[in-house]
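# A closer look at the structure
If you want the building blocks of each chain, they are given just below.
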Amino acid sequence: MNGIQFVLCDKQEDLALAATLVDSRDDNAHPLDHEYFFHSRAVILAKTSEGDIVGCAAIKAGSGIVGELGYLVVSPCYRRQGIAQGLTLKRIEVAKSLGIAILFATIRAENTSSRANLLKAGFQFWRDYLSIRGTGNTVGWYYLPLKEHVDVETVMQSLVGNRVPVVCTN
Ligand SMILES: CC(C)(COP(=O)(O)OP(=O)(O)OC[C@H]1O[C@@H](n2cnc3c(N)ncnc32)[C@H](O)[C@@H]1OP(=O)(O)O)[C@@H](O)C(=O)NCCC(=O)NCCS
């Protein structure tokens, strides 16, 4: 990960470049809602020493003590160098500075690399639910408490709402 820096995005032009990177995602993600992306609580960029943006990740739009991670993407030529991990650790640091008490993330079951990245950063798996979009996709829900005495069960239950749990039959 030579010369890569993880920085908080504070320029509109960098935000637009980050949106272009997210638009280029190759994991069958749904199209980016640019308006929603631009309202993220924090966008972290991975920049080379030349200033090129080769990765980005966000704490999504919202407020309060619960924060959602999203929009993680690393340029194909820069993968397997720890950049996603660096972006995720930086998001945790920024979330703490924002007073966020618990982070959560949702990941499609087949996205094993993203799952491994979250677990490596300290996240824990909560449960699998069917996608709310009615696609039949299984989505894993993950959490990381950042403060003591967080009632994980209550918070996560309120987030999943009436989604249908995927029951393991093995
Ligand atoms: C998922 C993604 C962000 C990972 O980026 P990355 O910079 O290559 O990840 P890192 O190098 O930081 O890897 C962190 C850990 O994740 C896991 N991981 C990453 N890529 C992996 C892969 N292809 N296969 C298995 N595990 C993988 C590993 O545990 C890795 O740690 P290790 O290298 O010490 O074993 C990148 O592949 C990507 O942009 N994919 C397309 C977009 C996407 O899927 N975004 C996430 C949506 S939820």
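Residues numbered from 1 in each chain as written. Predicted model: local features only at pLDDT ≥ 70, side-chain atom pairs only at ≥ 80, totals over all residues. Heavy atoms only, no water.

Before going further, it helps to examine the overall build of the chain. When helices and strands are tallied, the chain shows five helices and seven strands. Sequence-ordered secondary structure for the chain, helices as α and strands as β, is β-α-α-β-β-β-α-β-α-β-β-α. In terms of C-alpha radius of gyration, the chain reaches 16 Å, essentially the compact-globule figure of 15 Å for 170 residues. Taken along its principal axes, the extent of the C-alpha atoms in the chain is 50 × 35 × 30 Å. (Helix = DSSP H or I, 4+ residues; strand = E, 2+ residues; numbered from the N terminus. Rg over C-alpha atoms; globule rule 2.2 N^0.38 Å.)

Here we come to helix α4 (residues 112-120). Among the residues of α4, those classed as buried are Ser 114, Asn 117 and Leu 118. Across the axial projection of α4, the buried residues extend over an arc of 95 degrees, all falling on one side. The exposed set on the far side of α4, more than 90 degrees from its buried face, consists of Thr 112, Ser 113 and Lys 120. Against β4 (66-74), α3 (83-97), β5 (102-108) and β7 (138-145) lie the buried residues of α4. Phi for Gly 122, located one or two positions after α4, is positive at around 110 degrees. (Buried < 20%, exposed > 50% of the residue type's maximum accessible area, 1.4 Å probe, protein only. Arc of directions from axis to C-beta. Contact = heavy atoms within 4.5 Å.)

In this section: the state of the cysteines. This model, assessed by the stated rule, comprises zero disulfides. Cys 56 provides the cysteine sulfur closest to Cys 9, a residue in no disulfide bond, and the two sulfurs are 8.6 Å apart. Its relative accessible area of 15% is what places Cys 9 among the buried residues. As a non-bridged cysteine, Cys 77 has Cys 56 as the owner of its nearest cysteine sulfur, 16 Å distant. (Disulfide = S-S within 2.5 Å.)

Attention shifts here to the site of the ligand. Near the ligand there are 19 residues, and of these Leu 72, Arg 80, Gly 82, Gln 85 and Lys 120 occur at the shortest range. Within the contact set of the ligand, an oxygen atom lies 3.5 Å away from a backbone nitrogen or oxygen of Asn 117. Protein burial of the ligand: of its 920 Å² of free accessible surface, 75% is covered by the chains. Those elements that place two or more of their residues in the shell around the ligand are β4, α3 and α4. (Near = heavy atom within 4 Å. Polar contact = N/O pair within 3.5 Å; in protein donor to acceptor, adjacent residues only side chain to side chain. Areas by Shrake-Rupley, 256 points an atom, 1.4 Å probe, with all protein chains shown as cover.)

Glancing now at the nonpolar core. Membership of the largest hydrophobic core comes to 25 residues, with the highest contact counts inside it found for Ile 83, Leu 87, Leu 103 and Phe 123. Where this core is concerned, the elements lending two or more residues are β2 (42-47), β3 (53-59), β4, α3, β5 and β7. Here the element with the most residues in this core is α3; it accounts for five residues. Once residues lying within four places of it in the same chain are set aside, the contact partners of Leu 87 are Phe 6, Ile 44, Leu 45, Ala 46, Gly 55, Cys 56, Ala 57, Leu 72, Val 73 and Val 74. If you look at the next biggest cluster of nonpolar residues, it comprises 15 residues, including Ala 18, Phe 37, Leu 45 and Ala 58. (Core = buried A, V, L, I, M, F, W, Y, C linked by side-chain atoms within 4.5 Å.)

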